Amino acid sequence: QVQLVESGGGLVQAGGSLRLSCAASGRTGGRYDVGWFRQAPGKDREFVAHISAGGGFKSIGKPASGRFAISRDNLKNTVYLQMNSLKPEDTARYYCAARGSSTADPDRESSYTDWGQGTQVTVSS
């Protein structure tokens, strides 16, 4: 339904910042929510952030609260994840995902139907 491509990952020192992008294509005429998740080797996939189709509702996962922000530009079909004050424990592969517009359970992985391939974020000490 929606094809997603993440970009913007890389290597950064602790305390630095990165901005990830999630570019959407395909059937983007309809309204869709976007979530960000991350997964480090040997660990479970973890919710990072969510934004509603119109951008009016946002949520940030507990580990990133106060440091990360999510936004979207629907004219560009792109969602952004601004990451500040990065810590080594933020090291993971970051994925964006799309679902039909919904008010329920934005942090539930299974509610998202389309996923990108991810982009690697590595934070050094």
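Preceding this paragraph is the structure being described.
Residues numbered from 1 in each chain as written. Predicted model: local features only at pLDDT ≥ 70, side-chain atom pairs only at ≥ 80, totals over all residues. Heavy atoms only, no water.

Chemist: Would you explain the environment of Y95 in this entry?
Modeler: Position of Y95 among the secondary structure elements: in strand β9 (residues 92-100). Each C-alpha atom, one on Y95 and one on C22, is 8.6 Å from the other, the two residues being 73 residues apart in sequence. Apart from residues lying up to four places away in sequence, Y95 is in contact with E6, G35, W36, F37, Q39, R45, W115, G116, Q117 and G118. (Helix = DSSP H or I, 4+ residues; strand = E, 2+ residues; numbered from the N terminus. Contact = heavy atoms within 4.5 Å.)

Chemist: Teacher, can you tell me more about the pattern of salt bridges here?
Modeler: Pairing between side chains of opposite charge can happen when the charged atoms of each approach one another. If you walk through the whole model with that rule in mind, you get 6 salt bridges. Residue R38 is joined to E46 by a salt bridge in which the shortest nitrogen-to-oxygen separation is 2.7 Å. For R38, a relative accessible area of 7% corresponds to the buried category. Judged by its relative accessible area of 30%, E46 is partly exposed. R67 is the salt-bridge partner of D90, the closest N and O atoms lying 2.8 Å from each other. Linking D90 in the loop between β8 (78-83) and β9 with R67 in the loop between β6 (58-60) and β7 (68-73), this pair joins segments that are 23 residues apart in sequence. (Salt bridge = Lys/Arg side-chain N within 4 Å of Asp/Glu carboxyl O. Buried < 20%, exposed > 50% of the residue type's maximum accessible area, 1.4 Å probe, protein only.)

Chemist: I would appreciate a short explanation of the state of the cysteines in the present structure.
Modeler: Two cysteines joined by a covalent bond between their sulfur atoms form a disulfide. Applying the stated criterion across every chain yields a total of 1 disulfide. For C22, the disulfide goes to C96, at an S-S distance of 2.1 Å. Residues C22 and C96 are joined through a disulfide that is right-handed, its torsion about the S-S bond being 70 degrees. Here C22 is found in strand β3 (residues 18-26), whereas its partner C96 is found in strand β9, with 74 residues between them in sequence. Classification of C22 as buried rests on a relative accessible area of 1%. (Disulfide = S-S within 2.5 Å.)

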